[in-house]
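Examining the three-dimensional arrangement
The primary structure of each chain is shown beneath.
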Amino acid sequence: MGKHLAKEPRGPTLYAGCNKFFPEIHISLDSWWWRFLENHVYRMPQAPPRRRTKPMEVICVGLPRSGTESLQHALMLLGYDYTYHGWDIVYDSECHSPGWVRLARKKWYGDTTGDCSISAAEFDEILGHSVAVTDAAASVFAADMIAAYPDAKVILNTRKNVEAWQRSLDDTLIHANESWGFWIASLLDRECFWAWHVYERFLWPLLFRAPDGQMAKAIRRNAKWVAREHCNMIRGLVSRERLLEWDIEEGWEPLCKFLGKPVPDIDFPHANAASGGWKAREAQCNRRWVENAFVKLITMIALVLGGVFLARVWLP
């Protein structure tokens with residue numbers, strides 16, 4: 001057997017991302033515990049399913065930190081409105097994170113037939129408003145989407161500098177995974193729970209082959225060979241005329257030629273060099289969840305201490 005063959009995913013530790021300070025408690029993502037949290041403790045109102053009104057045209061299956069947000073901006077400028085990005089999984093106007101968790105569980109924790117098929121109709125419940133997709137959803141479910149949308153063109157966006165790509169993963173995905181603030185906020189806020197749950201327990205650990213849930217270690221150990229295997233899988237699944245292998249440094253011309261679009265008379269967008277990108281989204285996370293969670297935590301502590309004080313004063 002190949003030395004990189006992934007073990008059956010057991011699920012993350014209970015404190016995945018912060019478990020260097022806690023004992024490891026391995027709980028399968030298919031266990032009753034996570035379903036109890038999902039369906040009761042952190043239950044979200046079910047987002048209404050979307051319906052596809054325009055065909056899916058472009059699937060960008062490159063791994064995270066390979067120009068995915070810049071590619072989203074570029075496709076939008078070329079008229080592919082809307083282009084779905086990984087940020088939409090957690091920042092969508094309606095919370096569709098539970099839908100992605102459901103699809104991930106179906107793919108990796110499905111029935112015992114030994115096979116899994118996710119239909120276009122299932123994807124459309126979340127992606128029905130989109131004509132293109134990039135980043136997390138497209139890379140994690142690459143083979144499934146390629147099969148579900150056989151008429152869509154496929155872009156394999158990559159980074160030629162593999163070392164720089166892995167450093168970028170360390171500065172972003174791993175940094176978020178090791179964030180105490182994000183993890184604590186996920187315990188105190190329902191939306192933040194789902195943001196942590198879908199990415200830090202499901203999508204990234206499963207993509208980077210972390211059977212023990214140790215996502216940061218898995219990325220550092222496996223990222224390069226996972227990228228090689230991912231690219232080879234895409235090349236094996238997609239015919240040459242349907243596939244473009246593209247690096248962000250190549251800019252507009254090969255992208256527009258492949259899509260049959262005129263080259264815009266503007267510079268190619270670089271999301272991380274502008275006001276957007278990872279840093280802006282991280283700040284948005286802090287404002288939306290982390291700061292509110294710590295206000296809740298401080299309020300809870302104040303109420304408990306106040307109750308203890310009153311009890312000592314008034315009770316004999």
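Examining a nonpolar patch on the surface
Among the surface-exposed residues, Trp32, Phe36 and Val41 lie close enough to one another that they form a single nonpolar patch of about 350 Å² accessible area. With respect to the helices, strands and loops of the structure, Phe36 is situated in helix α1 (residues 32-41). On the basis of relative accessibility, which here comes to 38%, the residue Phe36 falls in the partly exposed class.

What about the packing of helix α2 (residues 68-77) against helix α12 (residues 252-259)?
Running from amino to carboxyl end, α2 crosses α12 at an angle of 50°, the nearest separation of the two axes being 12 Å. It follows from the interaxial angle that α2 and α12 lie oblique. In the packing of α2 onto α12, the handedness of the crossing is right-handed. Within the contact between the two elements, α2 uses Leu71, Ala74, Leu75 and Leu77 and α12 uses Trp252, Leu255 and Leu259. Among the residues making up the contact of α2 with α12, the classes are represented as 7 nonpolar, no polar and no charged.

Section: the pairing of strand β5 (residues 243-247)
By the criterion of burial, β5 is predominantly enclosed, with 4 of the 5 residues buried. Both strand β4 (residues 153-158) and β5 contribute to a ladder of 5 bridges, which runs parallel. Paired with Asn157 across the two strands is Trp246, which belongs to β5.

Focus on α12
If you check which residues of α12 are buried, you get Trp252, Leu255, Cys256, Phe258 and Leu259. The buried residues of α12 occupy one face: seen down the axis, they fall within an arc of 160°. Opposite the buried face of α12, at more than 90 degrees from it, the exposed residues are Glu253 and Lys257. The secondary structure elements touched by the buried residues of α12 are β1 (58-60), α2, β4 and β5. Positive backbone phi, approximately 70°, marks Gly260, located one or two places after α12.

Things to note about the confidence of the model for the protein
When pLDDT is averaged along the protein, the result is 87; 86% of the residues meet or exceed 70. Segment residues 19-23: pLDDT under 50, and 7 contacts once partners within four positions in sequence are set aside and those in other chains are kept.

Thoughts on the sheet that holds β1
Strand order in this open sheet of 5 strands is β2-β3-β1-β4-β5, and the pairing throughout is parallel. At either end of the open sheet lies a strand with only one pairing partner, and these are β2 (83-84) and β5.

What about the side chain of Asp88?
With respect to the helices and strands, Asp88 occurs in helix α3 (residues 86-91). Classification of Asp88 by relative accessible area gives buried; the value is 13%. At 2.8 Å, the side chain of Asp88 forms a polar contact with the backbone nitrogen of His85. With residues near it in sequence (within four places) discarded, Asp88 still touches Gln72, Tyr82 and Thr83.

Side note on the packing of aromatic side chains
Applying the stated criterion to the full structure yields 15 aromatic pairs. For the pair Trp100 and Phe123, a centre-to-centre distance of 6.4 Å together with 40° between the ring planes defines the contact as tilted. Separated by 23 residues along the polypeptide, Trp100 in helix α4 (residues 97-108) and Phe123 in helix α5 (residues 120-127) bring together distant segments of the chain. Note on accessibility: Trp100 and Phe123 belong to one class, buried. Here the aromatic rings of Phe123 and Tyr149 are separated by 6.3 Å at their centres, their planes lie at 35°, and the arrangement is tilted. Here Phe123 is found in helix α5, whereas its partner Tyr149 is found in the loop between α7 (142-148) and β4, with 26 residues between them in sequence. Comparing Phe123 with Tyr149, the two get one shared label, buried. The structure contains a cluster of three or more aromatic residues connected by ring pairs, namely Tyr84, Trp100, Trp108, Phe123, Phe141 and Tyr149. Sitting over the ring of Trp108, Lys107 keeps its end group 5.4 Å from the ring centre. Sitting over the face of the ring of Phe258, Lys153 holds its NZ or CZ atom 5.2 Å from the ring centroid.

Parameters and conventions
Residues numbered from 1 in each chain as written. Predicted model: local features only at pLDDT ≥ 70, side-chain atom pairs only at ≥ 80, totals over all residues. Heavy atoms only, no water. Patch = residues over 30% accessible without salt bridge, like charges linked within 9 Å, V, L, I, M, F, W, Y side chains within 5 Å. Areas by Shrake-Rupley, 256 points an atom, 1.4 Å probe, with all protein chains shown as cover. Salt bridge = Lys/Arg side-chain N within 4 Å of Asp/Glu carboxyl O. Helix = DSSP H or I, 4+ residues; strand = E, 2+ residues; numbered from the N terminus. Buried < 20%, exposed > 50% of the residue type's maximum accessible area, 1.4 Å probe, protein only. Axes fitted to C-alpha atoms, helices over the stretch in contact; angles between N-to-C directions. Parallel < 35°, antiparallel > 145°, perpendicular 65-115°, else oblique. Left-handed = near helix turned anticlockwise from the far one by under 90°. Contact = heavy atoms within 4.5 Å. Nonpolar A, V, L, I, M, F, W, Y, C, P; charged D, E, K, R; others polar. Pairing = 2+ DSSP bridges. Arc of directions from axis to C-beta. pLDDT = per-residue confidence, 0-100. Polar contact = N/O pair within 3.5 Å; in protein donor to acceptor, adjacent residues only side chain to side chain. Phe/Tyr/Trp six-rings, centres within 6.5 Å; stacked < 30°, edge-to-face > 60°. Lys NZ or Arg CZ within 6 Å of the ring centre and 35° of its normal.

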